[in-house]
Amino acid sequence: MSAASRAPRAAKLTIGAAAAALALTACGSGGTNGGGDSTNFITGSGGIATVKKGERHNAPDLSGKDLEGKKIAMSDYKGKVVVLNVWGSWCPPCRAEAPNFVKVAHDTEKQDVQFLGINTRDTSTNPAKKFEEAYDVPYPSFYDPTGRLLLKFEKGTLNPQAIPSTIVVDREGKIAARSLKPLSEKALRKMVAPVVAEK
């Protein structure tokens, strides 16, 4: 096999390995807390990893379409605290945490907090829409069936490595906290509140 023909195959293997890694941690109780040697994060109680202000990495400026096919982008919420939740309608832990996210999203709306979902590995939007209807989810979700958006998170940062995962992005667009497991209402509030309180 020539070097030229090996190169495309190697690229396909790399993409496949990334997808396989996501699949291995999918819908579990969480993965490792580590995000790489350059994160400078502190792991707090309950498996929530946080980064001090001034040591945080930029969140990717995600853009795409929501479950209704409308354009959506992280940049639409510039200046707000953004809570990103990675979920799938097929995922029992995602169903378990959904009411907690709905309640906290309603309670923090007037504090300039925007919740967003990243729906992944649903092969069509229909089950995802039924999930949102069942739990009366008040915020939009990116439709990301192949995990393309998840791969935009920089290696060595607090990136989402499991389903469900939750990321809190501060008002400057930097990743402040991450959880790799389903969250209770109390844990979610504990994760969001310090970032909301920052000046």
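From a predicted model like this one, the values you see are computed outputs, not experimental measurements.

A.B. asks: Can you walk me through unusual backbone geometry in this structure?
C.D. replies: What is expected of a backbone is that most residues other than glycine have negative phi and most peptide bonds are trans. Look at the link from I163 to P164: it is a cis peptide, with omega at 5°. Residue position: P164 is located in the loop between strand 7 (141-144) and strand 8 (165-169).

A.B. asks: Would you mind going over the pairing of strand 9 (residues 175-179) with me for this structure?
C.D. replies: Side-chain positions along a regular strand alternate between the two faces of the sheet. Counting buried residues in strand 9 gives five out of five residues, a clear majority hidden from the surface. In this sheet, strand 9 lies alongside strand 2 (residues 48-51) in antiparallel orientation, the contact comprising three bridges. Along strand 9, the bridge assignment pairs T50 with A177. Note that strand 8 and strand 9 share four bridges and pair antiparallel. Each residue of the ladder has a partner; that of V169, found in strand 9, is I175. Taking the residues between adjacent antiparallel strands as the criterion, strand 8 and strand 9 are bridged by five residues, where G173 takes a positive phi near 80°.

A.B. asks: What am I meant to see in the confidence of the model for the chain here?
C.D. replies: Parts of the model with low pLDDT should not have their predicted coordinates read in detail. Averaged over every residue, the pLDDT of the chain is 84; the share at 70 or more is 77%. This stretch, residues 2-25, has a pLDDT under 50; its non-local contacts, to residues over four places away or in other chains, come to nine contacts. This model gives residues 28-39 a pLDDT under 50, and the stretch forms 33 contacts once residues within four places in sequence are excluded.

A.B. asks: Explanation requested: the packing of aromatic side chains in the structure shown.
C.D. replies: Taken as a whole and judged by the stated rule, the model has four aromatic pairs. Consider the rings of W87 and F131, whose centres lie 4.4 Å apart with planes at 25°: the pair is stacked. Pair noted here: W87 is in strand 5 (residues 81-87) and F131 is in helix 3 (residues 125-135), with a separation of 44 residues, a long-range link. Judged by relative accessible area, W87 falls into the buried class, the value being 4%. Taking 5.6 Å as the distance between ring centres and 40° as the angle between the ring planes, the aromatic pair formed by F115 and Y139 counts as tilted. Of the two residues, F115 sits in strand 6 (residues 113-120) while Y139 sits in the loop between helix 3 and strand 7, which places them 24 residues apart along the sequence. Like F115, the residue Y139 is buried in the burial classification. An aromatic cluster is built from W87, F131 and Y135, whose rings are joined through pairwise contacts. The ring of W90 carries the charged tip of R121 above its face, separated from the ring centre by 4.8 Å.

Each value, and the rule that gives it
Residues numbered from 1 in each chain as written. Predicted model: local features only at pLDDT ≥ 70, side-chain atom pairs only at ≥ 80, totals over all residues. Heavy atoms only, no water. Helix = DSSP H or I, 4+ residues; strand = E, 2+ residues; numbered from the N terminus. Buried < 20%, exposed > 50% of the residue type's maximum accessible area, 1.4 Å probe, protein only. Pairing = 2+ DSSP bridges. pLDDT = per-residue confidence, 0-100. Contact = heavy atoms within 4.5 Å. Phe/Tyr/Trp six-rings, centres within 6.5 Å; stacked < 30°, edge-to-face > 60°. Lys NZ or Arg CZ within 6 Å of the ring centre and 35° of its normal.

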